[in-house]
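Summary of the model geometry
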Amino acid sequence: MISKKCLYALKAVLALARHQGAGPMTIQQIADAQEIPARFLEAILRDLKQNGFTESIRGKEGGYILARPAREIRMGDIITCLEGPWYTPGPDTDVFSTIWEEADRVLTGVVNQIDFQSLLKREDELRFSHTPDYSI
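Chains are numbered independently. Their residues run from 1 in the order of the written sequence. Side-chain atom pairs in this predicted model are given and counted only at pLDDT of 80 or more, local residue features only at pLDDT of at least 70, and totals for whole chains, interfaces and linings cover all residues. Only hydrogens and water are removed before side-chain values are computed, so all heavy atoms of the structure are retained for them.

1. So, the overall build of the protein chain
A run of H or I in DSSP becomes a helix once it reaches four residues, and a run of E becomes a strand once it reaches two; helices and strands are each numbered from the N terminus. Scanning the protein chain from terminus to terminus reveals 6 helices and 2 strands. What you see in the protein chain, going N to C, is helices and strands ordered as α-α-α-β-β-α-α-α. On the principal axes, the C-alpha backbone points of the protein chain span a range of 55 × 50 × 25 Å.

Right, dumping it as structure tokens:
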């Protein structure tokens, strides 16, 4: 299960990806764009910066930007940064540990294939596919 902190980090990176090339975003702009409580974002963005995903820019026009292109950052990178590995095998092997290891491989494989550029495309497709049609 993904923690709220991790979900907020994913949403923050998505907001920064959408804004990439348009200058930095403030914590409040990110919070408003993704409906995230601003009080949590400062620590999350600090974690993302320490792990090389974001950069901060000081000053009146400052804020946060992605440290590299959105197509180079994968969901799995952010999840691992915030949560660590999905499953860590213990010293004893039993029938359940083999299932958890298999689930870990599948889930990790999925999230490591999805970059934030493709997430933006998916988000746009969802947004436009749910646009009400009022034509008669």
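2. Describing the pairing of strand β1 (residues 54–57)
Bridge analysis of β1 against strand β2 (residues 63–66) gives 4 bridges, and the strand direction is antiparallel. When the bridges of β2 are listed, T54 appears paired with L66. Any two strands are treated as partners once DSSP identifies two or more bridges connecting them. Taking the residues that link successive antiparallel strands as the turn, the β1-β2 hairpin has 5 residues, and the phi of G59 there is positive, at about 105°.

3. Here we look at the packing of aromatic side chains
Aromatic pairing here means that ring centres of Phe, Tyr or Trp (its six-membered ring) are within 6.5 Å. Orientation follows from the plane angle: under 30 degrees is stacked, over 60 is edge-to-face, and everything else is tilted. If you walk through the whole model with that rule in mind, you get 1 aromatic pair. Between the aromatic rings of Y8 and F40, the centroid separation amounts to 6.0 Å while the plane-to-plane angle is 25°, which identifies the pairing as stacked. One end of the pair, Y8, is in helix α1 (residues 4–19); the other, F40, is in helix α3 (residues 38–50), with 32 residues separating them in the sequence. The buried category is assigned to Y8, whose relative accessible area is 13%. With relative accessibility at 38%, the residue F40 sits in the partly exposed group. Burial classes: relative accessible area under 20% of the type maximum marks a residue as buried, over 50% as exposed, and values in between as partly exposed (1.4 Å probe, protein chains only).

4. Concerning the side chain of Q34
Looking at where Q34 falls in the secondary structure, it is placed in helix α2 (residues 27–34). Given the relative accessible area of 14%, Q34 is considered buried.

5. Details of helix α4 (residues 75–83)
Restricting attention to buried positions, one finds in α4 the residues M75, G76, I78, I79 and L82. Buried residues of α4 fall within an arc of 160° about the axis and therefore sit on the same side. On its buried face, α4 sits against α1, α3, α5 (95–111) and α6 (116–129). Downstream of α4 by one or two residues, G84 has phi in the positive range, about 85°. Each direction from the helix axis to a C-beta atom contributes to the arc, which is the arc of those directions. Contacts between residues were defined by any pair of non-hydrogen atoms, one from each residue, lying within 4.5 Å.

6. Quick word on the state of the cysteines
When the sulfur atoms of two cysteines come within 2.5 Å, that pair is taken as a disulfide. All chains considered together, the criterion is met by 0 disulfides. Unpaired in this structure, C6 has its nearest cysteine sulfur neighbour in C81, at a distance of 8.5 Å. Note on C81: relative accessible area 23%, which makes it partly exposed.

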